[in-house]
Structure formats: structure tokens, C-alpha cells
Amino acid sequence: MKKNRKKALVLGMSGILLLTGCGGQMDTSKTPQADVMPWTEAEAGASEKETAVEGAESPSEMADMWESGAAENTVGEEERALTEAADDAVKNYAGTAGTPDMAADEWKMSGMEDLNGDLYAKGEAPDGYLGSCYDFPDGEAYDAENQEEYSQWEEQGFFSVMAQPLSTFSADVDTASYSNLRRLIRDGYDLEDLPEGAVRIEEMLNYFSYDYKEPAGQEPFGVTTQIGRCPWNEEAELLMVGLKTEDISYDQAPVSNLVFLLDVSGSMDEPDKLPLLQEAFTLLTEKLSSKDRISIVTYASEDTVVLQGAAGSEKRKIKKAINGLEAGGGTWGSRGIETAYALAEENFIKGGNNRVILATDGDLNIGMTSEEELEELISEKKESGIFLSVLGFGTGNIKDNKMETLADKGNGNYAYIDCMQEARKVLLEEMTATLLTVCKDVKLQVEFNPELVEAYRLLGYDNRALDRKDFSDDTKDGGEIGAGHSVTALYEIILREPLHHGMTKSEIDDLKYGSEYRERAGEGSAANQKYKEWLTVSIRYKKPAGSRSELLEYPVGYDSYQEKPSNDFLFAAAVAEFGLLASHSEYPEDASIENVRRTIKKLDLKDSYKIEFLELVEEVQ
């Protein structure tokens, strides 16, 4: 499952056998030096052309180069040399450690060769001492991916309306979780192996665009509500709440004061980090205009002001500064943040778009490094009126937890860029949404009518939950929404009386007393459901420069119910169902990959990102 593990384990086992004797008493005085040296010579005798891979400083980087074909020839020669040395080492060990001699083909016929490659991929080891030879700390083999960090949150279950009639949470337009999930699946992960905390359902939902209502009049949001059957829970209905802000072109945006805060520490010295970052920001530079003011701050062991207050039209100057960056040293991220915000304050444009754009893998190791310290730092900085965009790069050691904390607590949004296609989406197609906030501290509160609704469950937003009193407290932080952004929230809701009487329309039409059946079914609570409010969606928000929130309210009833839901509803439901499985939810009910695939296949998809999602679903099926 994890690529290149077989090669590593073949070499690793041979090394253990050679160097430790796997518990045997090796008499080095009887071991000819030439018998031990082939291993060292294979490593030390690399030709000049093999130095093509000398820049690979980590197993994950070597794996990436291997997959891309950059190291195919050189590593192939090295691997053959190491394999031959491993065979010699096994023979030498067998002869010197007092064990029965085993010829090379006998070794292969015994199945031990296959065992080396498959041991950890299958997650099992042989019994006895042989199995204990391969015990790593915490029972896990070394894997570059295990250096990635994700926050852990307790999943919300169903709440009784009588016990908790209000559901309150902060809006979220981050999309990082989905693009990171896409990367993990393409790297060979099965759903059950995905890191805990890596999948956030709300970010999966909000990655995609939907045909929601546009804002009307002076309202900042268009609000769409729809109710239908829950595809994975036959006892529940599914409520979709969609918000959309007005989409404008960047040409219509106010004057911008942008500070690029770029991580150039040693951990960024990989092809999918600094080089991708440089290409992405070069792409963004092409869209800047003369009204923009651009500064660049870098940080590694120290922070450096590379560019200050350049006009956006000075594209050659900006690109030269970006493309001249090199990675190396430690990661004093907190120092870089201090400098970037100081520079943004120095060039602050009143009534303009003042923003720091942080690009990093999140691996901070100097100064303030914990989530708690970063939260305190960035919460203080957001009071300056400067907004934040966080762009994550790289694999192997990304610190998703720290980048999400910075974005959530710093009046910001967080996207993960794993390829140039994603860079174009975030920095070109959604440029104003990424760089221009139109509503800040956005909070939602849904109040359910206990006469009709028995229980509910919000899907995702587990780390965005608020106390009911926080909704009207303007000192409590909410989410930031950019121009053209959409926010989607889904609820499973259980009604006191089932909405459906168990028979389809065609079955009722076949009855002799069909009209009487329909009349009877429309009496009592079922009839009340059609004329009473089921719930009310309330939204609080502030203008970007404002300090007091404004309130909007939207009652929702049976008129939002649709027997045949829209394509947007069905697609969002499929994404959420996939998210339940990928996040290892405790409440999956009847969710299945096949059901997700079947639902999406019925839709007329014209959006390339939605088509790509279907491909991911089929890849893990």
C-alpha cells in the first residue's frame, strides 16, 4: 500500500541479518572482511551519474523521485547492487552464525523473500522470535507519512431537540481536507488506513461549487434550503443549508496590500514544496495589477524581508524575488509571522484589502511551535484588521493541525495545494474568494421545532461547534467568507412522526380505495408538518471593517421538501456519505462506497472537479 516499502524492507532485513546476526553469535574473527564489504561498497561506489538523486534527503522524497521516473535509471542500478549484496550477506550470515546454509534459490523458494516485501503491507508478522525482529516503536514500521500531524476532534452524534434545541457553529470555507484526501488516495491509501483527523466532512462539502441562490438586495448571502430522504439512514431526512456570497472579479476588488509570507526552511526543499510554491505564486503574480502593493517575507532559521511595497504591475521584479528563493535551515515560523504582520501594518490601506498569505508545510521547530502558542499569537494579530490566507504544501511531514489553527484563529481560510491544477483553482479560478473577505465572524444557529423534529445531527463542523450563547456574543470568533464563496451544511433530522407512510405513489394509485388512503394519510401530524415551520436558520455576520454583527433569519418548513431532490443536493449527500466512511465515523448507518458511486453516476456532471471526485470514489471501491 505504501509505495517503495518492499524495497526498503528487503534492504532492512538484510541489514539486520548482516549486522546483528538476528540474535546469533557472530564470530567476526572468522568472517572474512571481503564478505562483509559488498554492502558498503555498493553504497559507497556510486558513480557520478548516480548523484542525480543526491538531493533526496528523505525517504518520501526518494519515493516521489522514483515514481516520477527522475531516479529510475540510477536507482535501478543501485538497487541491483544492493540486492546482490543482500544475497551475499544472507549467505555469509548462514555460514558464520552456525545456521544451516541456504542457497539463494532455496531462500526464494522458502517464501522469505516475499515475506520481506509484504510483511507490513499486510499488517501482520510471523510468530515467535522472527516476528519480534521487526518490532518498531508502537508496532509501526518507519514511514515518512507518519510525520504528518492532524488535530483530533470528537465527532458529534445525534442530539435530542428537547434537550438541545439549538445547533450553533462557525462558518467554514476551508477546502484543505479534500485536496489532501485526494492526495492520500492517489498515494495508495485505502479509506480504512487514512490518518485519524485528516478528513473533515465540511471541507469536503465546501470544496465544490453549487447552484445556490444569489444574494438579493443588500443581503450578503443567498440562502438555499432543501430537505430530502437521507441516502444512508432510512430513519432520517437530510437537510441541506447553502449560503453563497456575490462573486466579483478581482478587477472590482478594493486596493490590496498583500504580504507573501513564504517558508524557505530545510523541510521545504522538496519538489512538491518550494518549487511548487514558486510556480503557484508566479501564477498569482500574473493576475496582480498596479493598484496592488506586494511585499515578500521569508523565514527559515531567521526571517528576511525580500521585497517591500512593490506595485503589482512590477511583475518581473516580483517573479525574480520569488524564483530566487532557496530552502535551508530551521523553521522560525512565529518570527516570520511577526515580521509579516508588522510589514502589513506599515503598509496598511484603510478601506483596502490587507492580507498576509502564508505558504508552508506547517513544520515549525523554532520559537513558538505548539498549536496553543500559535493560536495565542495569531488571535492577537487578527485584531489588527489584517486577514490571513494559509496555503499548505508538500507531503510526508505536513502539519495540518498547525495550519488549520492559524487559519481558523487568524480571520483566515486554509487550502492545501498538491499540484498546479489545485494552484490554479485556489489562486486563479477562486482568486477573489481566496484573497477578498466580504463577511467575517460568520456564525450559524439552527433552532428546531420540537413539535415536529425529534433529533438532529450536524455532519462535520466538529471543531467549529459553539455554545448557544456564543452566537450573539460579538467577541467570539466566527468564520470568514470570501467573494463568491459558498458554505454548505448538512443535517440528519429525525421527525417525531414519519413523513412517509410506507407506500409509493404508484402503489397507492393501484388501490381501489387510493383516494381514501391519501385522505387518511394527510390527517393528523402528517398534515401539520406541511403547514408548520420545522426549523429556523439564523445567521450572524460582520462587515470586514465592522465590529458589530447583523442578524438574518430564514424559516424552513415542508415547502423545502423535495421527493426528487436537485443534483446539488444529491451530490452533496454523496460527498458527505463518502466523508462518513473516510473519516471513520461512528455513525455511518448504511453508508457504502457503492451507494456513493451509484448516486453520482446518475448525475449529469459537467464540473471537472465533481467528475474527478467520482474517479476517486471508483479508485477506492
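Our structure is the block above this text.
Read on for a plain summary of the structure.

Quick notes on the rules
Residues numbered from 1 in each chain as written. Predicted model: local features only at pLDDT ≥ 70, side-chain atom pairs only at ≥ 80, totals over all residues. Heavy atoms only, no water. Phe/Tyr/Trp six-rings, centres within 6.5 Å; stacked < 30°, edge-to-face > 60°. Helix = DSSP H or I, 4+ residues; strand = E, 2+ residues; numbered from the N terminus. Buried < 20%, exposed > 50% of the residue type's maximum accessible area, 1.4 Å probe, protein only. Pairing = 2+ DSSP bridges. Salt bridge = Lys/Arg side-chain N within 4 Å of Asp/Glu carboxyl O. Contact = heavy atoms within 4.5 Å. Core = buried A, V, L, I, M, F, W, Y, C linked by side-chain atoms within 4.5 Å. Axes fitted to C-alpha atoms, helices over the stretch in contact; angles between N-to-C directions. 1 Å grid on protein atoms, 1.4 Å probe; cavity = no way out; pocket = protein on both sides within 12 Å on 5 of 7 lines; lining within 4 Å. Points joined across faces, edges and corners; volume = space filled by probe spheres on them.

**Description of the packing of aromatic side chains**
In this structure the tally under the stated criterion is 19 aromatic pairs. Pairing phenylalanine 169 with tyrosine 461 gives two aromatic rings, centres 4.7 Å apart and planes at 50°, and the pair type is tilted. With phenylalanine 169 in strand 2 (residues 166–170) and tyrosine 461 in the loop between strand 12 (453–458) and strand 13 (479–482), the pair connects residues that are 292 residues apart, well separated along the chain. On the accessibility criterion, phenylalanine 169 (1% relative accessible area) is buried. A relative accessible area of 0% means that tyrosine 461 is categorised as buried.

**Here's the deal with the pairing of strand 5 (residues 256–263)**
Where a strand is regular, its side chains alternate between the two sheet faces. Among the eight residues that make up strand 5, eight are buried, leaving the element largely enclosed by the rest of the structure. Residues of strand 5 alternate between two faces, with Ser256, Leu258, Phe260 and Leu262 on one and Asn257, Val259, Leu261 and Asp263 on the opposite face, all of them buried. Pairing geometry for strand 5 and strand 6 (residues 293–299), over seven bridges, is parallel. Along strand 6, the bridge assignment pairs leucine 258 with isoleucine 294.

**Let's talk about the pattern of salt bridges**
Per the stated rule, a full pass over the model turns up 30 salt bridges. For arginine 183, the salt bridge is made with aspartate 187, and the minimal N-O distance between the two is 3.9 Å. Owing to a relative accessible area of 23%, aspartate 187 belongs among the partly exposed residues under this scheme. Glutamate 404 is the partner of arginine 200 in a salt bridge, and the nearest nitrogen-oxygen pair spans 3.3 Å. A residue pair is termed long-range when its members are at least 10 positions apart, and arginine 200 in the loop between helix 8 (176–186) and helix 9 (201–207) and glutamate 404 in helix 14 (residues 400–409) qualify at 204 residues.

**Some thoughts on the environment of threonine 168**
For threonine 168, the location among the structural elements is in strand 2. C-alpha of threonine 168 to C-alpha of glutamate 447: the two residues are 279 residues apart in sequence and 8.8 Å apart in space. Ignoring any residue separated from it by four or fewer positions in sequence, one finds threonine 168 in contact with Leu444, Gln445, Ala465, Leu466, Asp467, Arg468 and Phe471.

**Here's the deal with the nonpolar core**
Ranked by internal contacts, the top residues of the largest apolar core, which has 71 residues, are Phe208, Trp232, Val356, Phe578 and Phe613. If you tally residues by element for this core, the top one is helix 20 (residues 567–582), at 10 residues. Residues in contact with phenylalanine 578, not counting those within four places in the same chain, are Leu181, Ile185, Leu191, Met204, Ile593, Val596, Phe613, Val617 and Val620. In terms of nonpolar packing, the next biggest core, distinct from the first, is built from 37 residues, Phe260, Ala280, Ala415 and Leu427 among them.

**Regarding the sheet that holds strand 10 (residues 412–417)**
The six strands are arranged 7-6-5-8-9-10 in an open sheet whose pairing can be described as mixed. Looking at the sheet topology across the chains shown, the edges are occupied by strand 7 (303–311) and strand 10. Each strand of the sheet is rotated relative to its neighbour by a mean of 15°, with strand direction disregarded. Pairing of strand 9 (residues 387–393) with strand 10 involves six bridges; the strand directions are parallel. Bridge pairing links leucine 391 to alanine 415 in strand 10. Lying on the sheet, helix 12 (residues 333–346) is in contact with strand 5, strand 6, strand 7, strand 8 (353–360) and strand 9; it crosses strand 7 at an angle near 25°.

**Side note on empty space enclosed by the protein**
Per the counting criterion, the structure on display carries five cavities of 30 Å³ or more. When its volume is computed, the largest cavity comes out at roughly 80 Å³. Val173, Asp174, Thr175, Asn413, Tyr414, Ala415, Lys425, Val426, Glu430, Thr434 and His485 together form the lining of the largest cavity. For the lining of the largest cavity, the secondary-structure elements that each account for two or more residues are strand 10 and helix 15 (420–429). By residue number, the principal contributor to the lining of the largest cavity is strand 10, which donates three residues.

**Topic: the sheet that holds strand 3 (residues 221–229)**
To summarise the sheet geometry, strands pair through backbone hydrogen bonds and adopt either a parallel or an antiparallel arrangement. What the five strands build is an open sheet, ordered 1-12-14-4-3; its pairing is antiparallel. Each edge of the open sheet is held by one strand with a lone partner, namely strand 1 (159–160) and strand 3. As judged from the eight bridges shared by strand 4 (residues 237–245) and strand 14 (residues 486–495), these two strands associate in the antiparallel manner. Among the inter-strand pairings, leucine 239 is bridged to a residue of strand 14, identified as tyrosine 491. This element, helix 20, spans strand 3, strand 4, strand 12 and strand 14 of the sheet and lies at about 110° to strand 4.

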